[in-house]
Amino acid sequence: MTGTFVILDLLGGVALLLWGVRMVRTGMERGWGDRLRGWLERRLSNRIAAFGGGLAVTSVLGSATATTLIVASLAGSGVLAPATGLAVLLGADVGSAATAAILASGSSAAAMLAPALIFAGYVLFGRSAEFRPRNMGRMLIGLGLMLFALKLVVGATAPLREASLFHEVLGALAAEPFLAFLAGAILTWICHSSLVVVLLLTTFVMNGSLSPAEVAPFVLGLNFGGGLPALSATFGQPAAARRLPVANLLCRGGLALAGLIGISFLLQGLEYLHLTPATAVAQMHLGFNLVAALLFLPLSGQITRLVARLMPADEQAADPTMTPRYLTTHASVTPQMALTNAALETTRMAEMVARMTEQALDVLESGKLETLRELARMDGLLSAHRKALGGYLAGLSAEGQTSDEARRARMILHYAGSLEHAGDILRRSLGDRSRQKVRRNMVLSDAQREGLSEARGIVLDSLRVLPAALCSDDLEVAKDLAGQKDAFRNVEDRIIAAELADGFADPETAKLFADILRDLHRVNSALAAAAYPKLAAAGVLRSTRLRAIDVPALVES
C-alpha cells in the first residue's frame, strides 16, 4: 500500500503542477494575450531581437509550447518570416529551460511562497471586478499551485530512497541509453511539459536513484520530446504554420540524437563540470538549449528553407476571399482596364468590411468568442488586399497615363485605405468590446440592442453606397456617402438622449454600450470620409461644420 500511496501522491503532484502551469498561461493569454502578441510582433526586426522576444514571452507564459503555437499562427498568416520565427522558438526553448531551472532549484522557497501566492491570488480574484486584475489573481493562484506541487512531488518521492526495486528499474533504464532517451521523450510528450520531467528527474537524482551521469540520456530524451506537443497541436493547420514546429524539432531532436550517439564523449565532459545532484538536471537542460541556440540561430535561414522544401504548400481549393480576384497582370497594359479592375477589387473589400461588421456585432448576441478569430483573419485579408492594390496600381506605367487616370488611381487607393482603416477599428476596438462584454457576462437592454441594430444598419448602408461612389462620377452619389456621417450622428444623438432620459441601470454596461456606439461611429466616419476628396475637388465640401456667427470685436482697453 505504501507504494500505491507514493504513486498517487506523485501523480497528484504532477497533475497539480500541470494545472498551475495552465492557470498561469490562461491568465496571461486572457488578460494580456493581444498585448503579448503585439509586443512579440514588434520585436521581430532581426534574429537576435526575435530570440530575446521568444525568451521573454516564454518566461512569462511558462510554456514553450504556448509560445510555439502563437508563433505558428503568425507564420501561417504571413506576418512572420520563417527564419525569424525559428529564432523566436529557439529563444522560447531557452526561456522554458531557464524557468524550469529556477523552479526546480527553489523547493525551499516554494514552502514559504506557495501559501502566500495562493492567498493573494484568491483575494485579488474574488474581490476585483475588473477583467485584468482577476486574471492576475488567476496567475498568482497558478504560480502558488506550481510551487506547492514542487514541494508535494519532492515529498512524494522521498520514500523512494529506500525502494530497492525502484532503484533497480531506473538503473536498468539508465544502463541502456537508448531506452532512457525513449523514456524521457515519451514522458515529456505525455505530460506536455518539460518542467514536470525536469522536476521528476531532479528528485530521482537527489534521492540517489540516478547519478548525474546516468540522468544525461533522460535529459536528451526530454529535449527531443519537448518539441512533440507543438508538432501534434499544429497537425490540422496549413503547411506554413506546421513548418516552424518541424524546424524546431529538427534542431532540438537532431542535437539530442547527436548527443545520444556520442553519449560516451558527453559523459566524459560532464565529469569535469562536477554537477551537484540538486542542480544537475536543470543545468544539463539549460545547457542543452543554450548550445542549440548557439548552433542553429545563425543557420535558421538554411534550416527553414530545407523544411520548406520538405513540406511544400498544401494543394487545396483556395478561398475566393484569400487573394485578389481582378488584379490580372495582362490588364495593366491598358491603364483604364487596370483602373476598372482595381475598383472592382475595392468593392470586394467593402463586402469584407460588411462581413466583419456583422461578425463583430453578432458576438454581442451569440457570445461565441471563436468568431473573433475569423475577424482577425478577415482584417489580415483586408491589409493584404490593400497592399496588393498599391502594388498593382504602382505597376502602371506613368508614361501614357493621363492626369485623370492618375487621379483615379489615387482615389481608388484612398477608398481602399478607408476600408482598411474601418477593418482595423472593427478588429482592434469593436472586437475587444465584444470580448469584454462576453467575458464579463454583461447584458444589454432591449433599447440598447435596438439602438445598435439601427446603428449597424447605417454602417451597412454606407458600405452599400461606397462602391457606387467609387465607380460613379456622379457627385450626388458621393454626397450620399458623405451624408451617411450626418445620418449616423443624428441616430447616435437620439440614442444617447434616450439613454440619459432612462437612466443607467448598470454604469459598466452603459459605458460599454457607449464605447460600442462610438466604435461604430468611427467605422462609419472612415467610410463616409472616402468621398471627401471627390467632393473637395468639385468645390462642394464645406471647410467647417461650425455655423458662422458675428463675434464682436474685442476693444483693447
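Residues numbered from 1 in each chain as written. Predicted model: local features only at pLDDT ≥ 70, side-chain atom pairs only at ≥ 80, totals over all residues. Heavy atoms only, no water.

A. Structural context of the overall build of the protein. Helix and strand content of the protein: 22 helices and 0 strands. Across the 557 residues in the protein, those meeting the buried criterion constitute 47%. Counting only contacts in the protein whose residues sit at least 6 apart along the sequence, the fraction spanning at least 24 positions is 81%. Total accessible area computed for the protein in this model is approximately 27,400 Å², and 61% of it derives from carbon and sulfur atoms. (Helix = DSSP H or I, 4+ residues; strand = E, 2+ residues; numbered from the N terminus. Buried < 20%, exposed > 50% of the residue type's maximum accessible area, 1.4 Å probe, protein only. Contact = heavy atoms within 4.5 Å. Areas by Shrake-Rupley, 256 points an atom, 1.4 Å probe, with all protein chains shown as cover.)

B. Region of the structure containing a nonpolar patch on the surface. Among the surface-exposed residues, Phe 178, Leu 179, Leu 182, Ile 186 and Ile 190 lie close enough to one another that they form a single nonpolar patch of about 480 Å² accessible area. Take Leu 182: it is sitting in helix H8 (residues 177-191). (Patch = residues over 30% accessible without salt bridge, like charges linked within 9 Å, V, L, I, M, F, W, Y side chains within 5 Å. Salt bridge = Lys/Arg side-chain N within 4 Å of Asp/Glu carboxyl O.)

C. Here's a closer look at the nonpolar core. Counting 67 residues, the largest nonpolar core has Leu 17, Leu 201, Leu 210 and Val 215 as the members making the most contacts within it. The greatest single-element share of this core, amounting to 9 residues, is contributed by helix H9 (residues 194-206). Ignoring anything within four residues of it in the chain, the contact list for Leu 210 reads Leu 170, Ala 174, Phe 204, Val 205, Val 215 and Phe 218. Counting residues in each nonpolar core, the second largest holds 62 residues, with Leu 339, Val 438, Ala 455 and Val 477 among its members. (Core = buried A, V, L, I, M, F, W, Y, C linked by side-chain atoms within 4.5 Å.)

D. Here's a closer look at the packing of aromatic side chains. Under the criterion given, the structure shown has 1 aromatic pair. Considering the side-chain rings of Phe 181 and Phe 224, the 5.7 Å spacing of their centres and the 55° angle between planes classify their relative orientation as tilted. With Phe 181 in helix H8 and Phe 224 in helix H10 (residues 216-225), the pair connects residues that are 43 residues apart, well separated along the chain. (Phe/Tyr/Trp six-rings, centres within 6.5 Å; stacked < 30°, edge-to-face > 60°.)

E. Molecular detail of the pattern of salt bridges. Using the criterion set out here, one finds 15 salt bridges in the structure. Of the charged contacts, one joins Arg 252 and Asp 93 as a salt bridge, the two residues approaching to 3.2 Å between their closest N and O atoms. Taken as a pair, Arg 252 in helix H12 (residues 239-261) and Asp 93 in helix H4 (residues 82-104) lie far apart in primary sequence, 159 residues in all. A relative accessible area of 4% means that Arg 252 is categorised as buried. One salt bridge in this structure joins Asp 515 and Lys 511, with 3.1 Å as the shortest N-O distance. Here Asp 515 pairs with Lys 511, and both are found in helix H21 (residues 507-528), just 4 residues apart, close to one helical turn. Overlapping salt bridges bring together Arg 433, Lys 511, Asp 515, Arg 518, Asp 519 and Arg 522 as one network.

F. Here's a closer look at the environment of Ala 422. Among the structural elements, Ala 422 can be located in helix H18 (residues 403-439). Ala 422 sits in the buried class, given a relative accessible area of 0%. In contact with Ala 422, other than residues within four places in its own chain, are Val 353, Val 523, Ala 526 and Leu 527.

G. Main features of helix H20 (residues 475-502). Over its 28 residues, H20 runs 41 Å from end to end, which matches the ideal 40 Å to within 8%, given 1.5 Å per residue. The principal kink in H20, of about 25°, is found at Ala 482. Along H20, the residues that are buried comprise Val 477, Ala 478, Leu 481, Ala 482, Gln 484, Phe 488, Arg 489, Val 491, Glu 492, Ile 495 and Glu 499. Its side-chain oxygen at 3.0 Å from the backbone nitrogen of Glu 476, Asp 474 defines the N-terminal cap of H20. (Expected span 1.5 Å × (residues − 1). Bend = angle between axes of the 7 residues up to and from the residue. Polar contact = N/O pair within 3.5 Å; in protein donor to acceptor, adjacent residues only side chain to side chain.)

H. The side chain of Arg 138, seen in detail. Examined against the element boundaries, Arg 138 turns out to sit in helix H6 (residues 131-156). Look at Arg 138 and you get buried, because its relative accessible area is 17%. Residues in contact with Arg 138, not counting those within four places in the same chain, are Met 23, Thr 26, Gly 27, Arg 30 and Phe 125.

I. Molecular detail of the packing of H8 against H9. One way to put it is that H8 packs onto H9 with a least axis distance of 8 Å and a crossing angle of 130°. As summarised for this structure, H8 and H9 are arranged oblique, according to the angle between their axes. The chirality of how H8 crosses H9 is right-handed. Contact residues: Leu 187, Thr 188 and Cys 191 in H8; Ser 194, Val 196, Val 197 and Leu 200 in H9. Within the contact of H8 with H9, the residues separate by chemical class into 5 nonpolar, 2 polar and no charged. (Axes fitted to C-alpha atoms, helices over the stretch in contact; angles between N-to-C directions. Parallel < 35°, antiparallel > 145°, perpendicular 65-115°, else oblique. Left-handed = near helix turned anticlockwise from the far one by under 90°. Nonpolar A, V, L, I, M, F, W, Y, C, P; charged D, E, K, R; others polar.)

J. Expanded view of helix H15 (residues 300-310). Of all the positions in H15, only Ser 300, Gly 301, Ile 303, Thr 304 and Val 307 are classed as buried. Taken around the axis of H15, the buried residues stretch over an arc of 165°, which confines them to a single face. For H15, the exposed residues lying more than 90 degrees away from the buried face are Arg 309 and Leu 310. (Arc of directions from axis to C-beta.)

K. Examining the packing of H9 against helix H14 (residues 280-296) more closely. Axis separation between H9 and H14 bottoms out at 8 Å; the angle between their running directions is 140°. Classed by the angle they form, the pair H9 and H14 counts as oblique. Here Ser 194, Val 198, Leu 201, Thr 202 and Val 205 of H9 lie close against H14, whose contacting residues are Val 281, Ala 282 and His 285. Of the residues in the contact of H9 with H14, the class split is 5 nonpolar, 3 polar and no charged.

L. Structural detail: the environment of Ala 343. When you line up the elements, Ala 343 lands in helix H16 (residues 335-366). On the accessibility criterion, Ala 343 (3% relative accessible area) is buried.

M. Structural detail: the confidence of the model for the protein. Confidence in the prediction for the protein averages 79 pLDDT; 83% of positions are at 70 or higher. Model confidence for the protein, summarised as mean pLDDT per element, is weakest for helix H3 (residues 64-76) at 71 and strongest for H10 at 91. Below a pLDDT of 50 lies the segment residues 553-557, which in the model reaches 0 contacts outside its immediate sequence neighbourhood of four places, other chains included. (pLDDT = per-residue confidence, 0-100.)

N. Structural detail: the environment of Met 112. Summarising the element assignment, Met 112 is placed in helix H5 (residues 107-127). Between the C-alpha atoms of Met 112 and Leu 147, which are 35 residues apart in sequence, the distance is 9.3 Å.

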